[in-house]
Amino acid sequence: MSDVLLCVVDIRFPPLLFPPKLYDYCQKTLGKSIIVVLNKIDMIPSPLVVAWKDYFKKKYPELEVLCFTSYEGRGNEIKTGPGLKTKRRFRKLRMAGEGALELYKIIEKTVAGQVDLSSWKAKILEESNIAESDEQELEVDLVDTSVPDTSYYEFKRFQDGILTIGTIGQPNTGKSSLINGLMGKKVVSVSKTPGHTKHFQTIFLTPNVRLCDCPGLIFPSKVPKALQVLCGSYPIAQLREPYTTIKYLAERTNLPSILKINHPEGEKEWSAFDISDGNVVLTS
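What you see is a predicted model; the values in this text were computed from it and never measured. (Residues numbered from 1 in each chain as written. Predicted model: local features only at pLDDT ≥ 70, side-chain atom pairs only at ≥ 80, totals over all residues. Heavy atoms only, no water.)

### Quick word on the overall build of the protein
So, step 1. Within the protein one finds ten helices and eight strands.
So, step 2. When each of the 284 residues of the protein is scored for burial, the buried share is 40%.
So, step 3. Here the analysis covers contacts within the protein between residues at least 6 apart in sequence; of these, 66% occur between residues at least 24 apart.
So, step 4. Of the roughly 16,900 Å² of accessible surface on the protein, a fraction of 53% belongs to carbon and sulfur atoms. (Helix = DSSP H or I, 4+ residues; strand = E, 2+ residues; numbered from the N terminus. Buried < 20%, exposed > 50% of the residue type's maximum accessible area, 1.4 Å probe, protein only. Contact = heavy atoms within 4.5 Å. Areas by Shrake-Rupley, 256 points an atom, 1.4 Å probe, with all protein chains shown as cover.)

### Some remarks on the packing of aromatic side chains
So, step 1. Within this structure, the stated rule accounts for nine aromatic pairs.
So, step 2. Taken together, a centroid distance of 5.4 Å and an interplanar angle of 80° make the contact between Phe18 and Phe56 edge-to-face. Placement of Phe18 in the loop between α1 (14–17) and α2 (20–29) and of Phe56 in helix α3 (residues 46–59) is noted, with a sequence separation of 38 residues between them.
So, step 3. You can call Phe18 buried: its relative accessible area is 6%.
So, step 4. Pairing Phe56 with Tyr60 gives two aromatic rings, centres 6.1 Å apart and planes at 25°, and the pair type is stacked. Comparing Phe56 with Tyr60, the two get one shared label, buried.
So, step 5. A cation sits over an aromatic face here: Arg252 above Tyr248, 3.7 Å from the ring centre. (Phe/Tyr/Trp six-rings, centres within 6.5 Å; stacked < 30°, edge-to-face > 60°. Lys NZ or Arg CZ within 6 Å of the ring centre and 35° of its normal.)

### Quick notes on the pattern of salt bridges
So, step 1. In total, this model carries six salt bridges according to the counting rule given.
So, step 2. A salt bridge links Asp54 to Lys58; its shortest N-O distance comes to 3.2 Å. Of this pair, Asp54 and Lys58 both sit in helix α3, four residues apart, roughly one helical turn.
So, step 3. Across the pair Glu251 and Arg252 runs a salt bridge whose closest N-O atoms are separated by 3.4 Å.
So, step 4. Given a relative accessible area of 52%, Arg252 falls into the exposed group.
So, step 5. Residues participating in the shared-partner salt-bridge network are Asp10, Arg12 and Lys40. (Salt bridge = Lys/Arg side-chain N within 4 Å of Asp/Glu carboxyl O.)

### A short note on the nonpolar core
So, step 1. Core analysis: the largest hydrophobic core is formed by 30 residues, its most contacted members being Ile35, Leu103, Ile107, Leu117, Trp120, Leu163 and Ile165.
So, step 2. Where this core is concerned, the elements lending two or more residues are β1 (4–10), β2 (33–39), α4 (97–111), α5 (118–129), β6 (163–168), α6 (175–183), β7 (201–206) and β8 (209–213).
So, step 3. Sort the elements by how many residues they give to this core and α4 lands first, with six residues.
So, step 4. What Ile35 contacts, discounting residues up to four positions off in sequence, is Val4, Leu5, Leu6, Cys7, Leu63, Glu64, Leu66, Leu103, Ile106 and Ile107. (Core = buried A, V, L, I, M, F, W, Y, C linked by side-chain atoms within 4.5 Å.)

### A few points about helix α8 (residues 243–250)
For the α-helix, the turn length of 3.6 residues means that residues three or four positions removed from each other point alike.
So, step 1. For α8, the set of buried residues is Thr245, Ile246 and Tyr248. Along the axis of α8, the buried residues cluster in a sector spanning 160°; they form a single face. (Arc of directions from axis to C-beta.)

### Thoughts on the sheet that holds β8
So, step 1. The six strands are arranged β3-β2-β1-β6-β8-β7 in an open sheet whose pairing can be described as mixed. With partners counted over all chains shown, the strands left at the sheet margins are β3 (64–67) and β7, one partner each. Looking at each pair of strands side by side, their axes are set apart by 25° on average, direction ignored.
So, step 2. Contacting β1, β2, β3 and β6, α4 runs over the sheet at an angle of about 165° to β3.
So, step 3. Seen against the sheet, α5 touches β6, β7 and β8 and runs at an angle of roughly 80° to β7. (Pairing = 2+ DSSP bridges. Axes fitted to C-alpha atoms, helices over the stretch in contact; angles between N-to-C directions.)

### Overview of the pairing of β1
So, step 1. Judged by how many residues are buried, β1 sits mostly within the fold: seven of seven residues are covered.
So, step 2. Alternating residues of β1 divide into Val4, Leu6, Val8 and Asp10 and Leu5, Cys7 and Val9, and every residue in both groups is buried.
So, step 3. Note that β1 and β2 share seven bridges and pair parallel. From the neighbouring strand, Val4 faces β2, where its bridge partner is Ser33.

### Examining the pairing of β6
So, step 1. Along β6, six of the six residues are buried, which leaves the element largely enclosed by surrounding structure.
So, step 2. Bridge analysis of β1 against β6 gives four bridges, and the strand direction is parallel. Across the sheet, residue Leu5 finds its bridge partner in β6, namely Gly166.
So, step 3. Where β6 meets β8, four bridges bridge the pair, whose relative direction is parallel. Looking across to β8, one finds that Ile165 is bridged to Leu211.

### What to know about the confidence of the model for the protein
So, step 1. For the protein, per-residue confidence averages 76 on the pLDDT scale, and 74% of positions sit at 70 or higher.
So, step 2. Considering only residues more than four positions removed or in separate chains, one finds that residues 75–91, a stretch of pLDDT under 50, has 24 contacts.
So, step 3. In the model, residues 131–144 has pLDDT below 50 throughout and makes 24 contacts with residues more than four positions away in sequence or in other chains. (pLDDT = per-residue confidence, 0-100.)

### Some remarks on the environment of Ser271
So, step 1. Relative to the helices and strands, Ser271 resides in the loop between α9 (255–259) and α10 (272–283).
So, step 2. Classification of Ser271 as partly exposed rests on a relative accessible area of 32%.
So, step 3. Along the sequence, Ser271 and Tyr243 sit 28 residues apart, while their C-alpha atoms lie 8.9 Å from each other.

Right under this line is the structure:
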């Protein structure tokens, strides 16, 4: 159904969330254009963003790479008081103008004039010039959540002159936030809990550009469950016990030092339970 696929990954853990087999299948077998979206770039230092983008360009030369954040300017830090406490000023959700424009440029090359994208470009430029206002009213587009027709469908590229952009990726990588950022308003629900999106949804960005939001896909992976929990793709609420994950992290970092906790029994050796117990004592 999609003419272009956006594979959305959290830039904090991109190699763990990007599926090479799916990329090969879409690129070589289906002949579809695929763009990897390094999402949430506001959460890591800029040099690391550049490094990950360079990594993907070298490892997958034919892959288009887009760096994106749904909340541009989100990380405005204000230091106040003697203790220099840091606060963050969260901006009102608007179109992610820079990311939207970069995506437009990439897709414009892919489409090569087969679909009229002038209205999309005009919308991006118009939104970029609108002054931010907390009193601005938001118009919410209609979202089609009806049960899709699962019968045989013969794919036709740019059918009826409409460009369809699909989003895929593991849970909690920010697919729905990406769509809201491209739209400039909240049109799909988002949550920090993995697996929040339950239905396939289509939203028209312009009359001839359609976005598709789908639930997160759990690809077959050799990544340990503990690491899936740490990178946010596995719901913590579904864990039977947290100690395996804590142990996995403690074996690779000095958790007692980071958390500034003392051993509850005064011993030198730590277990995952000791770390959990010590942290509870510290925060209680």
